[in-house]
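Commentary on secondary and tertiary structure
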Amino acid sequence: MRTRPAGDFDYETHGAGYAQHRRTDPRIAALVHAALGEARTVVNVGAGAGSYEPVDRHVIAVEPAAAMRAQRPPHLAPAINGVAEELPLDDNSVDAAMATVTVHQWSGADRGLREMCRVSRGRVVILCMDGEALSQGWFAEYAPEVVAAERQRYQPIEHIAEVLGGATVTPVPVPLDCVDGITDAFYGRPERFLDPAVRRAQSGWGFVGAEAEARFVAKLTADLESGEWDRRFGHLRTQPEYDSALRLVVAG
C-alpha cells in the first residue's frame, strides 16, 4: 500500500523531474547562504532533491518523500526520512535551520516552524512565497485557478515571522535566466510553460483540473502565435530581473 503523502502534495506520485527543472539558481543561493551566516551545521527541512543546500557546511537533510530523496545528486549527503513537524534532532543541535519553497506544503506549518526554532541554536532561514504578490503579473491573468489555489496554500509572511518570534523579510528578485523553475522564473520566457514537464515541476498545477490547465495552454499558445502576448508583455523578454513573489525570511 502506498504511503500517505506527508504534506499537501503527493511527491511520491508527482515528484519525478523536480531535480531537472527545479535547480539551484546561484544568485538566489548566494542570498540564502549569506543569510545562514557563520553556521557550520545546518538542517535543511523539506529538503527535496537538495536545491540551495550549501556544499561548504555540514548539512542534515530531512525529506519525507522517497521519490525526492532518490533524486538527490551524488555530491550531496543522503536525506533522512522525516517531516518538519517532528524533526529527528535534539534541541539546539545545529547552528542553523533552513527551508526553501516548502513551508506551504507542510501539513502543520506552524509546528514545523517551531521545530526549526527548537533544533537551531542560531538562525532560521526560510525562502518562501508571498501569496499576495502572486496575483500580480501576466501569469495570474492566464492561470487564475493556479494562482487562487496557491494563495490558499501560502501562509501570510507576517504570520510566518510571528511564529518564528520575529524575523526580517527581504524581497528576492528573480533573474531572467533563472534555472529554478518556479512560475516567476519564466516571466520573460512564456514558451517554457507549454512544456508539460515544466508544469509538472510546479506543484500548483496539481491543485487545478485538467480543463483549467488545457485552457491555459490554449490561451497562451494562441496569444504567442498571434503576437498578443508580446504586444502586451514583450518588454519582459529583456528585463534583467523581476520583482517576484519570493521572500527571504530570517529569524534569530
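Here the structure is shown first, and the text comes after it.
So, a few notes on the structure that sits alongside this text. Just so it is clear, the structure is predicted and the values come from calculations on it, not from any experiment.

1. Comments concerning helix α7 (residues 144-153)
The complete set of buried residues in α7 reads V146, V147, A149, E150 and R153. The buried residues of α7 occupy an angular sector of 165° when projected down its axis, which confines them to one face. The secondary structure elements touched by the buried residues of α7 are α6 (138-142).

2. Things to note about the sheet that holds strand β4 (residues 120-129)
With mixed pairing, the six strands of this open sheet are ordered in space as β2-β1-β3-β4-β8-β5. Two strands lie at the open edges of the sheet, namely β2 (58-62) and β5 (168-171), each paired on one side alone. For this sheet, the mean angle separating the axes of adjacent strands, direction not counted, is 20°. As defined by bridge partners, strand β3 (residues 94-100) adjoins β4 across six bridges and the pair is classed as parallel. When the sheet's bridge partners are listed, M98 is paired in β4 with V125. The strands touched by helix α3 (residues 26-35) are β3, β4 and β8 (246-251); relative to β4, the strand with the most contacts, the crossing angle is about 155°. Contacts between helix α5 (residues 109-119) and the sheet are confined to β1 (41-45), β3 and β4, with β4 contributing the most and set at about 150° to the helix.

3. With respect to unusual backbone geometry
Within the chain, N92 stands out as a residue other than glycine whose phi angle is a positive 50°. Along the chain, the position of N92 falls in the loop between α4 (66-69) and β3. The partly exposed category is assigned to N92, whose relative accessible area is 44%. A positive phi is found at V101, a non-glycine position, where the angle reads about 45°. Looking at the element boundaries, V101 is found in the loop between β3 and α5.

4. Structural notes on the nonpolar core
Within the largest apolar cluster, 47 residues are counted, with the highest numbers of intra-cluster contacts made by L127, W138, F139, F216, L220, L246 and L248. Listed by contribution, the elements that provide at least two residues to this core are α3, β3, β4, α6, α7, α10 (210-226), α11 (228-233) and β8. Each residue touching F216, except ones within four places of it in the same chain, is listed here: F139, Y142, A143, F193, R199 and W205.

5. Digging into the pattern of salt bridges
Pairing between side chains of opposite charge can happen when their charged atoms approach one another. Inspection of every chain in the model, using the stated rule, returns 19 salt bridges. Where E86 meets R111, a salt bridge forms, and the shortest distance between an N and an O atom there is 3.7 Å. A residue pair is termed long-range when its members are at least 10 positions apart, and E86 in the loop between α4 and β3 and R111 in helix α5 qualify at 25 residues. Overall, the relative accessible area of 53% leaves E86 in the exposed class.

6. With respect to the side chain of D184
Here D184 is to be found in the loop between β6 (174-175) and α9 (196-200). No salt bridge is formed by the buried D184; the nearest opposite charge belongs to R247, separated by 7.1 Å. Apart from residues no more than four positions distant in its own chain, D184 is found in contact with V174, Y242, S244 and A245.

Definitions and limits used
Residues numbered from 1 in each chain as written. Predicted model: local features only at pLDDT ≥ 70, side-chain atom pairs only at ≥ 80, totals over all residues. Heavy atoms only, no water. Buried < 20%, exposed > 50% of the residue type's maximum accessible area, 1.4 Å probe, protein only. Helix = DSSP H or I, 4+ residues; strand = E, 2+ residues; numbered from the N terminus. Arc of directions from axis to C-beta. Contact = heavy atoms within 4.5 Å. Pairing = 2+ DSSP bridges. Axes fitted to C-alpha atoms, helices over the stretch in contact; angles between N-to-C directions. Core = buried A, V, L, I, M, F, W, Y, C linked by side-chain atoms within 4.5 Å. Salt bridge = Lys/Arg side-chain N within 4 Å of Asp/Glu carboxyl O. Lys, Arg positive; Asp, Glu negative; His and termini not counted.

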